[in-house]
Amino acid sequence: MSHGPRSGLAAVSSALLAMSRHLEVRDVLKTIVASARELLDAQYAALGVPDDHGGFAQFVVDGVSEEQWKAIGPLPRQHGILAAMLHEARSERLADVRKDPRFEGWPKAHPDLVDFLGLPIRDGDEVIGALFLANKLRPAGGHPPHPPGPKPEDSCGFTQDDEELLGILAQHAAIALTNARLYERSRELTIAEERSRLAHELHDAVSQKLFSLRLTAQAAARLVDRDPSRAKGELQQVAALAAEAADELRAAVVELRPAALDEDGLVATLRTQIQVLDRAHSARVTFSGHGVKALPASQEEALLRVAQEALHNALRHSGADHVDVTLDRRGGGAVLRVTDDGSGFDPQAVRRAGRHLGLVSMRDRASGAGGSLTVESVPGKGTTIEMEVPGG
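Cut-offs and rules
Per chain, the residues get numbers from 1 upward, laid out in the order the sequence is written. pLDDT decides what is reported in this predicted model: residues at 70 or higher carry local features, side-chain atom pairs at 80 or more are listed and counted, and totals for whole chains, interfaces and linings draw on all residues regardless. Based on all heavy atoms of the structure, the side-chain values leave hydrogens and waters out of the count. Helix numbers and strand numbers start at the N terminus; a helix is a DSSP run of H or I with at least 4 residues, a strand a run of E with at least 2. The contact definition used throughout considers only heavy atoms, calling two residues in contact when any of these lie within 4.5 Å. Geometry of aromatic contacts follows a simple scheme: Phe, Tyr and Trp rings, the Trp one being its six-membered ring, pair when their centres are within 6.5 Å, and the pair is stacked under 30 degrees between planes, edge-to-face over 60, tilted otherwise. Exposure classes here rest on a 1.4 Å probe applied to the protein chains alone. A residue is buried below 20% of its type maximum, exposed above 50%, and partly exposed in between. Note: two strands are recorded as paired if DSSP finds a minimum of 2 bridges between them. Orient the strands so they point away from the viewer; a crossover is then right-handed if the path from the first strand over the helix to the second runs clockwise. Axes here mean lines fitted to C-alpha atoms, for a helix over just the part in contact, with angles spanning 0 to 180 degrees between N-to-C directions. The scheme is simple: roughly parallel for angles under 35 degrees, roughly antiparallel for over 145, roughly perpendicular for 65 to 115, oblique for anything else. By convention the crossing between two helices is left-handed if the near helix lies anticlockwise of the far one by an angle smaller than a right angle, and right-handed if it lies clockwise. Under this grouping Gly is polar, as are all residues other than the nonpolar Ala, Val, Leu, Ile, Met, Phe, Trp, Tyr, Cys and Pro and the charged Asp, Glu, Lys and Arg. Helices are assigned an expected span. That span is 1.5 Å times one less than the residue count. As used here, the term nonpolar core means buried Ala, Val, Leu, Ile, Met, Phe, Trp, Tyr and Cys residues forming a set that is joined through side-chain atoms within 4.5 Å.

A. Main features of the side chain of T326. Position of T326 among the secondary structure elements: in strand 7 (residues 322-330). In this structure, T326 is in contact with S288, V335, L336 and R337, ignoring residues within four places of it in sequence.

B. Examining the packing of aromatic side chains more closely. Enumeration according to the criterion identifies five aromatic pairs in this entry. Aromatic side chains F103 and W106 sit 4.8 Å apart centroid to centroid with 75 degrees between the ring planes, which places their arrangement in the edge-to-face category. When its relative accessible area of 27% is taken as the criterion, F103 is described as partly exposed. For W106, a relative accessible area of 26% corresponds to the partly exposed category. Following the ring pairs from residue to residue traces out a cluster consisting of F56, F59, W69, F116 and F132.

C. View of the pairing of strand 6 (residues 284-290). Summarising the sheet, strand 6 and strand 7 pair through seven bridges and their orientation is parallel. If you follow S288 over to strand 7, its bridge partner there is T326. Following the chain from strand 6 across helix 8 (residues 297-317) to the adjacent parallel strand 7, one finds a crossover that is left-handed.

D. Molecular detail of unusual backbone geometry. Phi at D41 takes a positive value of approximately 55 degrees, unusual for a residue other than glycine. Of note, D41 is situated in the loop between helix 2 (25-39) and strand 1 (42-50). In this model, N135 sits at a positive phi of 65 degrees, which is unusual for a non-glycine residue. For N135, the location among the structural elements is in strand 5 (residues 126-136).

E. Representation of the environment of G124 within the structure. Among the secondary structure elements, G124 is positioned in the loop between strand 4 (116-123) and strand 5. The exposed category is assigned to G124, whose relative accessible area is 57%.

F. Focus on the packing of helix 8 against helix 10 (residues 359-368). At a minimum axis distance of 9 Å, the contact between helix 8 and helix 10 shows a crossing angle of 165 degrees. With respect to their mutual orientation, helix 8 and helix 10 come out roughly antiparallel. In this structure, helix 8 meets helix 10 at a crossing whose hand is left-handed. The residues of helix 10 that touch helix 8, namely those facing A302, R305, V306, E309, A310 and N313, are S361, M362 and R365. For the contact of helix 8 with helix 10, the residue count by class is four nonpolar, two polar and three charged.

G. A look at the environment of E163. Mapped onto the elements of the fold, E163 is located in helix 5 (residues 160-223). Here E163 falls in the buried class, since its relative accessible area comes to 15%. A sequence separation of 70 residues divides E163 from R93, and the C-alpha atoms of the two residues are 7.8 Å apart. Sequence-distant contacts of E163, defined by excluding residues within four places in its chain, comprise S91, R93, L117 and L119.

H. The arrangement of helix 8 in detail. Across its 21 residues, helix 8 extends 30 Å between first and last C-alpha, which sits within 8% of the 30 Å expected from 1.5 Å per residue. Note on helix 8: the residue one or two positions beyond its end, G319, has a positive phi of about 70 degrees.

I. Focus on the nonpolar core. If you look at the biggest cluster of nonpolar residues, it comprises 35 residues, and the most contacted ones within it are L270, L303, V323, L327, L336, L373 and M387. Of all the secondary-structure elements, those providing two or more residues to this core are helix 7 (261-280), strand 6, helix 8, strand 7, strand 8 (333-340), helix 10, strand 9 (372-377) and strand 10 (383-389). Sort the elements by how many residues they give to this core and helix 8 lands first, with nine residues. Setting aside its immediate chain neighbours within four residues, L373 contacts V306, L359, M362, R363, A366, I385, E386 and M387.

J. Quick look at the environment of Q218. Take Q218: it is sitting in helix 5. Overall, the relative accessible area of 39% leaves Q218 in the partly exposed class.

K. Geometry of the packing of helix 7 against helix 8. For the pair helix 7 and helix 8, interaxial distance at closest approach is 11 Å and the crossing angle is 5 degrees. Classified by the interaxial angle, the pair formed by helix 7 and helix 8 is roughly parallel. Mapping the contact onto sequence places L261, L266, T269, L270, Q273, I274 and L277 in helix 7 and E300, E301, L303, L304, A307, Q308, L311 and L315 in helix 8. Partitioning the contact of helix 7 with helix 8 into residue classes produces ten nonpolar, three polar and two charged.

L. Main features of the pairing of strand 10. With six of its seven residues buried, strand 10 lies for the most part within the structure. As paired strands, strand 8 and strand 10 are joined by seven bridges and run antiparallel to one another. Among the inter-strand pairings, A334 is bridged to a residue of strand 10, identified as V389. Sheet analysis places strand 9 next to strand 10, joined by six bridges and oriented antiparallel. What sits directly across from S377, in strand 10, is T383. In this antiparallel pair of consecutive strands, strand 9 and strand 10, the connection spans five residues, and G380 shows a positive phi of 85 degrees.

What follows is the structure, encoded as structure tokens:
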């Protein structure tokens, strides 16, 4: 089996490893498409993930510039040859896609496609996507591609070997895509759990404020006739407590909206959450961020989750009066540091006792994002948790 300069087992292994490195669905789709195009020497490659409405939820291309893609227009529908892989769940290898009876044309800005190879991506019996390749650049035997103009009948540049190789790639693509979806689902559940936990914290804080407000208002009512000046002071306290309760409720609205990491970035998201925690707890919680640029999505997600876990430990278990969070640029990446002045602990003793205080999950998150985690703590002298990621 020959597929140009990147032929053989090493090329296949490289493509499969590249697919397994990513956890975000969009990154996995891009890697699958780029790997397929390079491995089979195609001019164009695309991967479509169907939605439930006759279109594509996602459609990723490789070999087409961003300007070309914008000029092509909206995502394609599941018609013609595209539908064959999704609905009939079979491969298609065509010498000239334009001559197929199912061909329905394409937008004016669309590149001209001739040789065509398409394959469904299956997860069990479910078709979760379709992989398309077009315009073989180096047909089997190393001959140059077909010149422009009419082609001999049945002279598809893609061979049976190509189809079998793409089939192997599609099987592994299904695994990578399924894993990425499971990861994103687990992340959504983690976000939901975190929002629920914060909701309880905010509820407790607001309830305490409202209880104090009610008692103070009752005291003012009792004093209003016999001691108007004291009643006035109590009413001023009522106004202050009401303002604080309103602040807590505004914080709840901000914090319990959908996760803002993608929209606002890591620094803004951390700052917002830490402001909420500062209001919800008696401990002082502070944050500073300096010079941090946008990081890969998986690294930002890991940094946010480690910060939340470390803050939870510090606020719930350490008895700290002050918890400080910093996020600083380091080289092309970033370093997160969560420091508290609480009771501290002996990391070795905690490990021996089987109590991890979330340290295992934090280390897993750090390593999963290509970073590292260090924990410094001494009984009676507080704790510092530091996580570093390399950046993109």
